[in-house]
Amino acid sequence: MRNRWTVLIAAIVAVLALNVGATAASGAEQTAIPLTRALSMLESGSPDSARIQGGTLLLREGERAYSTPLPASLSERALDAAEAGGVTLIVQPPRSTAAADEPEAGGGGGLDIVGSIQEWAPMALLGGLVLVAWLTLRTAGGARFKHRVKPVRSATRLDDVAGVDEIRDEVIEIAEFLADPDRFQRLGAELPRGVILHGPPGTGKTLLARAVAGEAGVPFFSASGAEFVEVYAGLGSKRIRSLFEAARKAAPAVVYIDEIDAVGARRTGHASTGEREQTLDQLLTEMDGFATDPDRPVVVLASTNRLDELDPALLRSGRFDRKIAVALPGREARQRILDVHLRSRPLDRETSPADVAALTAGMAGADLAALCNEASFEAARAGRDAIDLGHFRRALLRLAAGPERRSHLLSDEERGLVAHHEMGHAIVAHLSPHCHPVERVTVIPQGQALGITVALPDEDRLLATRAECLDRLAMMMAGRAAEELVFGEFTTGAADDLARAATLARQMVTQLGMGGDTTEASLAIGLPPIPGAGMEDAAEAAARDLVNAAYRRALELLRENRDLLRRSAELLMEREAIERDEIIDILGPRPVQPRLEALVRA
Ligand code: ADP
Ligand code: ZN
Ligand code: MG
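First, a word on what this report is: a plain description of the structure on this page.

Definitions and limits used
Residues numbered from 1 in each chain as written. Chains lettered and ligands numbered in written order. Predicted model: local features only at pLDDT ≥ 70, side-chain atom pairs only at ≥ 80, totals over all residues. Heavy atoms only, no water. Helix = DSSP H or I, 4+ residues; strand = E, 2+ residues; numbered from the N terminus. Expected span 1.5 Å × (residues − 1). Buried < 20%, exposed > 50% of the residue type's maximum accessible area, 1.4 Å probe, protein only. Core = buried A, V, L, I, M, F, W, Y, C linked by side-chain atoms within 4.5 Å. Contact = heavy atoms within 4.5 Å.

Once that is clear, we can look at helix α9 (residues 205-216). In an α-helix, one full turn covers 3.6 residues, which means residues spaced three or four apart are oriented alike. With twelve residues, α9 ought to run about 16 Å at 1.5 Å a step, and its terminal C-alpha atoms sit 17 Å apart, in line with that. Along α9, ten of the twelve residues are buried, which leaves the element largely enclosed by surrounding structure. Those residues of α9 that fall on the buried side of the exposure criterion are Lys-205, Thr-206, Leu-208, Ala-209, Arg-210, Ala-211, Val-212, Ala-213, Gly-214 and Ala-216. The first or second residue beyond α9 is Gly-217, which carries a positive phi of 70 degrees.

Moving on to helix α2 (residues 35-44). Counting buried positions over the ten residues of α2 gives eight, a clear majority of the element. Restricting attention to buried positions, one finds in α2 the residues Leu-35, Thr-36, Arg-37, Ala-38, Leu-39, Ser-40, Met-41 and Leu-42. Positive phi shows up at Gly-45, right after α2, with a value of about 75 degrees.

Here we come to the environment of Glu-83. On the secondary structure map, Glu-83 appears in helix α3 (residues 75-85). According to the relative accessible area criterion, Glu-83 is exposed, its value standing at 67%. Spatially, the C-alpha atom of Glu-83 lies 8.7 Å from that of Gly-45, the residues being 38 residues apart in sequence.

With that settled, the discussion passes to the nonpolar core. A general trend in soluble globular proteins is that nonpolar side chains are found buried together. Met-423, Val-428, Val-441, Leu-473, Met-508, Leu-558 and Leu-572 are the most contacted members of the largest nonpolar core, which totals 48 residues. If you list the elements that add at least two residues to this core, you get α18 (412-431), β13 (438-442), β14 (449-455), α19 (466-487), α20 (495-510), α22 (533-560), α23 (562-575) and α24 (580-587). For this core, the element with the highest residue contribution is α22, accounting for eleven residues. Beyond its immediate stretch of four places on either side in the chain, Val-441 contacts Glu-422, Met-423, Ala-426, Ile-452, Thr-453, Leu-572, Glu-576, Ala-577, Ile-578 and Ile-583. Counting 26 residues, the second largest nonpolar core, distinct from the first, contains Leu-342, Ala-375, Ile-387 and Ala-401.

This is the structure we're talking about:
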């Protein structure tokens, strides 16, 4: 649940992927991400380091590494984004070919001026060597000593952070205090020393911190918790010291520590965490030792998405004793955030940000920013001069499941298999009253999948009922059910569906108290978390029962609608993709069943 894309894909867009049997893992430990996401990461300043190497943009954020292809035509945008986020972007020559590794050194020879080669060669060589050395140093420096003791002037304003009305006053107050401490101190108000912004990733915590500095007009020192827990012993605490030293010199100032949990996680008492503990101690010392000039305050902001895992020592009074919760935006807030990101983008007259807000339940600000950008691309690809709702829908799917690979041709036989499998998902979702409406069904390879079925919620849903979980399970199992029903045989294509169904069923049993059809029955199977080994067996059996029952229900539904399955699968084979509006035409009206009968009656 930590990765917002996982959340996005799992919770909002129920993409039921038909997995490619032989999955060629691309790149070793780097996560491939869409370019739009990489750009918004750069813009937000979250990566610890970034480089462009041979047409690839590589980002490192703590332990994690991300990569995305970067066409040369867009490298300028990457540079702009990096500048906006205050991330040093290192441009490196491609490493793959030895010759290209030293283009400048070889470049002397590459200059096709035969007559003057004797004069030019040594100079070019020298120049080349200096350049390579410089690049190497920059890279090494980036890796080893990157502590940003250099502040930035933040241009971010509170108006750039939308949909945060509940916390707006608190944030303004901090900025005002920094701008005019006297006004507060006269009345005996004490400066908040440390403020923790906590909430899910991408909700604008970094943006808020920048806005505090921007509104107050003070220097912004930012660092990521991960920077303080690197290889060399003692370096972390040294970095903390120099960060605070620099901030005090520049005061009034804002110090921002992103992902503070990297240093500030609860102490475990193991000796192996000595280095981190030393760093944490240094941070506590710095915060305590803030006997700074009251006229030149330094406020320390920090962010985390795991408040409960922070060491209590950090939260003690006089340290990070103010906490501001930054929540996932509701529909209204999403609309405001979209307004911000659509400021400079032409929106079709028929489309309103409210429509887009309705489509994007569960998405954080960062997701919405990426979505707007992706929708712009969709409109541009379609040769339009304004973005409409269709572009947003398409962008949503693209972000969730990767670009469609129309060039990846399926044989007729496989296309038939995939069409029945996907139509199985779609029909069971359509006929199950508690599934989200089916948005799109395809037999177009996309990401790892050979076809997809997407169901999108119509409204914000923070809770799921048991009936909804069961319907979702049936939808997940329906691809395999269709294969078995129609072909009397099954393929490797359901691997992903099975894994998802197993995960959901296990969660239902062991975490959600939904293993049985009453709470008592559920708790009889196991109290979360499951205590003894015997109980685990019972829980596993209960989860299996849920999946089996879902499979039987899917099979039954499809058997009853066998003709429909055959006809619609044929249509899908022919058309490759069927969209929401046509689905009702093809599959008929959906059964309606209110979510909570009692509420409806009341
Ligand atoms: P966090 O620090 O909570 O992970 P960020 O502040 O880094 O999130 O947000 C990343 C990007 O997402 C921002 O640069 C901005 O483009 C967009 N964003 C996030 N929240 C908001 C918001 N409330 N209003 C406008 N844009 C937002
Ligand atoms: Zn499937
Ligand atoms: Mg952040």
